[in-house]
Amino acid sequence: MRKVIGIGETVLDIIFRNEQPISAVPGGSTFNAIISLGRSGIETGFISETGNDRVGRNIIQFLRDNGCRADSVNVYPDSKSPLSLAFLNEQNDAEYIFYKDHPHDRLDFNYPEIQRDDVVLFGSYYALNDVIRPQVKGFLDYAHERGAILYYDVNFRASHQHEVMKITPNLLENFELADIIRGSAEDFEVLFKKKDPEVIYRSQIAFYTKKFIYTQGADAIHLFAEDAFHKEYPVTPMETVSTIGAGDNFNAGFLYGLIKNQITRDNLENGLTEEQWDALISSAQQFSAEACKSLYNYVSTDFGTLRQQELQKALAQDQEL
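Residues numbered from 1 in each chain as written. Predicted model: local features only at pLDDT ≥ 70, side-chain atom pairs only at ≥ 80, totals over all residues. Heavy atoms only, no water.

Q: Pulling in residues and values, what's your account of the overall build of the chain?
A: The helix and strand inventory of the chain stands at ten helices and 13 strands. Here the C-alpha atoms of the chain give a radius of gyration of 18 Å, agreeing with the 20 Å that 2.2 N^0.38 yields for 321 residues. Dimensions of the chain along its principal axes, counting C-alpha atoms only, are 50 × 45 × 40 Å. A total of 321 residues make up the chain; the buried ones form 55% of that total. (Helix = DSSP H or I, 4+ residues; strand = E, 2+ residues; numbered from the N terminus. Rg over C-alpha atoms; globule rule 2.2 N^0.38 Å. Buried < 20%, exposed > 50% of the residue type's maximum accessible area, 1.4 Å probe, protein only.)

Q: Lay out the nonpolar core with the relevant residues and their values.
A: If you look at the biggest cluster of nonpolar residues, it comprises 51 residues, and the most contacted ones within it are Ile213, Phe254 and Leu255. The element best represented in this core is helix α7 (residues 246–260), accounting for seven residues. Apart from the residues lying within four places of it in its own chain, the contact partners of Leu255 are Val4, Leu37, Val119, Leu121 and Tyr151. Core analysis: the second largest hydrophobic core is formed by 40 residues, Leu150, Val164, Leu171 and Phe175 among them. (Core = buried A, V, L, I, M, F, W, Y, C linked by side-chain atoms within 4.5 Å. Contact = heavy atoms within 4.5 Å.)

Q: Go over the sheet that holds strand β1 (residues 3–7) with me, naming the residues and quoting the values.
A: Across the sheet, which stays open at both edges, the nine strands sit in the order β5-β4-β1-β8-β9-β10-β11-β12-β13 with mixed pairing between neighbours. Every other strand in the sheet has two partners, leaving β5 (68–76) and β13 (229–233) as the edge strands with one partner each. Across the sheet, the mean angle separating the axes of adjacent strands is 15° when strand polarity is ignored. Relative to the sheet, helix α5 (residues 185–192) contacts β10 (180–184) and β11 (212–216), its axis offset from that of β10 by approximately 85°. (Pairing = 2+ DSSP bridges. Axes fitted to C-alpha atoms, helices over the stretch in contact; angles between N-to-C directions.)

Q: So what's going on with the environment of Ser242? Residues and values would help.
A: Here Ser242 is to be found in the loop between β13 and α7. Remark: the alpha-carbon pair of Ser242 and Tyr152, spanning 90 residues in sequence, is separated by 23 Å. The residues contacting Ser242, other than those within four sequence positions of it, are Leu88, Asn92, Ala291, Cys292, Ser294 and Leu295. A polar side-chain atom of Ser242 sits 3.2 Å from the main-chain amide nitrogen of Ile244. (Polar contact = N/O pair within 3.5 Å; in protein donor to acceptor, adjacent residues only side chain to side chain.)

Q: If you had to explain helix α2 (residues 54–65) to someone new, which residues and values would you point to?
A: Taking 1.5 Å per residue, twelve residues should reach 16 Å; α2 reaches 16 Å between its end C-alpha atoms and fits that length. Buried positions along α2 lie against β2 (11–17), β3 (20–27), α1 (29–39), β4 (43–51) and β5. (Expected span 1.5 Å × (residues − 1).)

Q: Please provide a residue-by-residue account of the pattern of salt bridges, values included.
A: Counted under the stated rule, the structure contains 17 salt bridges. Among the ionic pairs, Arg133 bridges to Glu173, the shortest N-O distance being 2.9 Å. Of the two residues, Arg133 sits in helix α3 (residues 133–145) while Glu173 sits in helix α4 (residues 164–177), which places them 40 residues apart along the sequence. Assessed through its relative accessible area of 6%, Arg133 is described here as buried. Residue Asp141 pairs with Lys137 through a salt bridge whose shortest N-O separation is 2.9 Å. Within this pair, Asp141 and its partner Lys137 are both found in helix α3, separated by four residues, close to a single helical turn. Several salt bridges converge on common partners, so that one network encompasses Asp179, Arg265 and Glu269. (Salt bridge = Lys/Arg side-chain N within 4 Å of Asp/Glu carboxyl O.)

Q: Before we move on, could you go through the sheet that holds β2 and cite the residues and values that matter?
A: Here we have four strands laid out as an open sheet, ordered β3-β2-β6-β7, and mixed in their pairing. What marks the edges here is a single partner per strand, and that holds for β3 and β7 (94–99). The sheet shows a mean angle of 20° between the axes of neighbouring strands, taken without regard to direction.

Q: Provide a residue-level description of the packing of α7 against helix α9 (residues 274–291), including the pertinent values.
A: In contact at an axis separation of 7 Å, α7 and α9 are set at 140° when each is read in the N-to-C sense. Judged by the angle between their axes, α7 and α9 are oblique. Both α7 and α9 take part in a crossing whose hand is right-handed. Facing Ala246, Asn249, Phe250, Ala252, Gly253, Phe254, Tyr256, Gly257 and Leu258 of α7, the residues of α9 in contact are Trp277, Leu280, Ile281, Ser283, Ala284, Gln285, Phe287, Ser288 and Ala291. (Parallel < 35°, antiparallel > 145°, perpendicular 65-115°, else oblique. Left-handed = near helix turned anticlockwise from the far one by under 90°.)

Q: So what's going on with the pairing of β2? Residues and values would help.
A: The element β2 is largely enclosed, with a buried count of six among its seven residues. Sheet topology places β2 next to β3; seven bridges connect them, and they run antiparallel. Within β3, the residue paired with Phe16 across the bridge is Pro21. Between β2 and the antiparallel strand that follows it, β3, lie two residues; Asn18 among them carries a positive phi value of about 55°. Pairing of β2 with strand β6 (residues 83–88), which is carried by six bridges, proceeds in the parallel orientation. Across the sheet, Arg17 pairs through a bridge with Leu88, a residue of β6.

By themselves these figures say nothing about function.
See below:
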């Protein structure tokens, strides 16, 4: 089976409501998506680092318990694992404070095996950080050369706004490597001070890749693709418990859809039909909505079990054909 490899940070998310802690769960943007994919029957692996402490050990075990290979998670012997404090407001959106004790960012891992049509998920500040950039860029180049599909979630927080000029060369390299770019309204307002998705696509994205997904919370999703294809997808209103994992699980659902619907690199390069795009965005929205129903950052195990059954059925039908 095709697999999804994620590369990104690991943290312990401590979630607050009314200034009181109400939950503590393993997290990280790419990490959250990988857990949801593992629960949904997708073969997954994760590249990261963590501290040599109880939190780090729990995070590695959590990956394995959810079917994800953790061989490429590096444990630093003299470091503590990072923490993220997430303060939920009345709309259950989060404001973050990050604590990191690693004396020096660094990354040392063995490349997992990559086959053509496997998928690599990368993004956030982790994919821009100058200190670990050589290792991250080396792996992305390797995955690209091996024929993987590269999905880039920009996910650039306002807390790094003062670094926009410094990280721009790395950002543009990521744009160039990516087959699909997904970003939120907040990301592009911080990076480019622009809000119009079509202007962002034409001026910042289309030169690098024609496949762009623009999300904006509860407002419509914009999809841009080759041949001037542009479609808006409404977001169904719902009661949320927490939106912390909404974007991460949008990514998970999209990648689940790629594999379930047997969409390959050749398909992407030749152009997808509107029906194929509809199926991918629908899958992304299902995962995102499911993650908003709880304080956890990923889809529930029950939801994942149903997706496993759907995946097995779809792949079996494809083999019959």
